[in-house]
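For reference, the chains in residue letters:
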Amino acid sequence: MSFTLPPLAYAYDALAPYMSKETLEFHHDKHHLAYVDNGNKAMAGTPYESLSLEELCKKAYAEKNAALVNNGGQHFNHLHFWQWMKPRGGGKKLPAKLQAMVDKDLGGYDKMRADFINAGVTQFGSGWAWLALKGGKLEVQKTANGENPLMHGAMPLLGCDVWEHSYYIDYRNARPKYLEAWFDNLVNWEYVESLLAKA
Ligand code: MN3
């Protein structure tokens, strides 16, 4: 199905000071919109038009369709990214099912947080840090450019955009500071739990 850009579920200034109005205006209204427009051009008149976004991501990766790996992947990633954040998010208190899996699979909250931030810091160039479900277990992952865990046999539950467009206005080159602020103050753990429940 063709891509459309939904509005944010919160005001553009709702995530300040951790993510500014200016960042959200550029990131949502210009960057995400470009993925939507370019993805629609790339799938026009192809069998990809009949697929769900999740199916499109997997097929594009399998068929090495670079335009749809990047633009379809980024459309999926950003649709969720806006929902992976909320005002007054973050915090160490996770929903129960998620907390139990973090304890069992990832060595508890503090280790999961450190590993997730490290994944984002060490992703060379543009990409994403992830919490994903693979084979019934939680994993911390990182991917390059527009790729996501769907393309690597896993289900994304939480992702942080580490492209410079996500943090350069607010943090300049300080990617670690952005990741720490994002994780501690913006993550919508209830949305993560809702994805886990559907996985
Ligand atoms: Mn982005």
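A.B. asks: Please clarify how the overall build of the chain should be interpreted in this entry.
C.D. replies: Across its full length, the chain carries eight helices and three strands. When the helices and strands of the chain are read in sequence order from the N terminus, they spell out α-α-α-α-α-β-β-β-α-α-α. What you see for the chain is a C-alpha radius of gyration of 16 Å, in line with the 16 Å of a compact globule of 199 residues. Projected onto the principal axes, the alpha-carbon positions of the chain cover approximately 45 × 40 × 30 Å. In the chain, which comprises 199 residues, the proportion classed as buried is 48%. Relative to all contacts within the chain whose residues are 6 or more apart in sequence, the contacts with residues 24 or more apart total 67%. For the chain, the accessible surface area stands at approximately 9,200 Å², while carbon and sulfur atoms represent 55% of it. Taking the average location of the 21 positive side-chain charges in the chain and that of its 22 negative ones, the two points are 3 Å from each other.

A.B. asks: What exactly am I supposed to notice about the coordination of the manganese ion here?
C.D. replies: The expected angle between donors at a tetrahedral four-coordinate metal is 109.5 degrees. At an octahedral six-coordinate metal it is 90 or 180 degrees. For the manganese ion, the full set of protein donor atoms is His27 (NE2), His78 (NE2), Asp161 (OD) and His165 (NE2), at a range of 1.9 to 2.1 Å. Between the donor residues of the manganese ion, the gaps in sequence give the motif H-x50-H-x82-D-x3-H. Taken together, the positions of His78 in helix H3 (residues 66-83) and Asp161 in strand E3 (residues 155-161) put the pair 83 residues apart, joining distant regions of the chain. Of the residues examined, His78 reaches a relative accessible area of 0% and is grouped as buried. You can call Asp161 buried: its relative accessible area is 0%.

A.B. asks: Before we go on, may I ask you to explain helix H8 (residues 189-198) in this structure?
C.D. replies: Residue pairs spaced three or four apart in an α-helix point in one direction, given the helix's 3.6 residues per turn. Buried within H8 are the following residues: Trp189, Tyr191, Val192, Glu193, Leu195 and Leu196. If you follow the buried residues of H8, they end up packed against H3, helix H4 (96-106), helix H5 (109-122), strand E1 (127-134), E3 and helix H7 (175-185).

A.B. asks: Can you walk me through the pairing of strand E2 (residues 137-144) in this structure?
C.D. replies: The side chains of a regular strand alternate between both faces of the sheet. As judged from the eight bridges shared by E1 and E2, these two strands associate in the antiparallel manner. Its bridge partner lying in E2, Leu131 is registered against Val140. Hairpin remark: E1 followed by E2, antiparallel, with two residues in the connecting loop; positive phi at Gly135, about 60 degrees.

A.B. asks: Just checking my understanding: could you explain the packing of aromatic side chains for this structure?
C.D. replies: Tallied over the full model, the rule gives 12 aromatic pairs. Consider the rings of Phe81 and Trp182, whose centres lie 6.0 Å apart with planes at 5 degrees: the pair is stacked. Placement of Phe81 in helix H3 and of Trp182 in helix H7 is noted, with a sequence separation of 101 residues between them. Accessibility classification places Phe81 together with Trp182 in one group, the buried group. Ring centres of Tyr171 and Tyr178 lie 5.7 Å apart, and the angle between their planes is 55 degrees; this geometry places the pair in the tilted category. Tyr171 gets classed as buried once you look at its relative accessible area, which sits at 13%.

A.B. asks: Explanation requested: the packing of H4 against H5 in the structure shown.
C.D. replies: Working note: a packed helix pair is described by the angle between its axes plus the distance between those axes. Contact geometry for H4 and H5: axes closest at 8 Å, N-to-C directions at 75 degrees. Judged on the interaxial angle alone, H5 and H4 are roughly perpendicular. Contacts between H4 and H5 involve Val102, Asp103 and Leu106 from the first element and Tyr109, Lys111 and Met112 from the second. Of the residues in the contact of H4 with H5, the class split is four nonpolar, no polar and two charged.

A.B. asks: Just to check I follow, could you spell out the sheet that holds E1 for this structure?
C.D. replies: Pairing between the strands of a sheet comes from backbone hydrogen bonds, and it takes one of two forms, parallel or antiparallel. Across the sheet, three strands lie side by side as E2-E1-E3; this open sheet has antiparallel pairing. This sheet does not close on itself; its edge strands, each paired only once, are E2 and E3. Taking the axes of each pair of neighbouring strands and ignoring which way they run, one obtains an average angle of 20 degrees across the sheet. Packed onto the sheet, H8 meets E1 and E3 and runs at close to 150 degrees relative to E3.

Basis of the calculations
- Residues numbered from 1 in each chain as written.
- Predicted model: local features only at pLDDT ≥ 70, side-chain atom pairs only at ≥ 80, totals over all residues.
- Heavy atoms only, no water.
- Helix = DSSP H or I, 4+ residues; strand = E, 2+ residues; numbered from the N terminus.
- Rg over C-alpha atoms; globule rule 2.2 N^0.38 Å.
- Buried < 20%, exposed > 50% of the residue type's maximum accessible area, 1.4 Å probe, protein only.
- Contact = heavy atoms within 4.5 Å.
- Areas by Shrake-Rupley, 256 points an atom, 1.4 Å probe, with all protein chains shown as cover.
- Lys, Arg positive; Asp, Glu negative; His and termini not counted.
- Charge placed at Lys NZ, Arg CZ, Asp CG, Glu CD.
- Donors = N, O, S within 2.8 Å, 3.2 Å for Na, K, Ca; no water.
- Pairing = 2+ DSSP bridges.
- Phe/Tyr/Trp six-rings, centres within 6.5 Å; stacked < 30°, edge-to-face > 60°.
- Axes fitted to C-alpha atoms, helices over the stretch in contact; angles between N-to-C directions.
- Parallel < 35°, antiparallel > 145°, perpendicular 65-115°, else oblique.
- Nonpolar A, V, L, I, M, F, W, Y, C, P; charged D, E, K, R; others polar.

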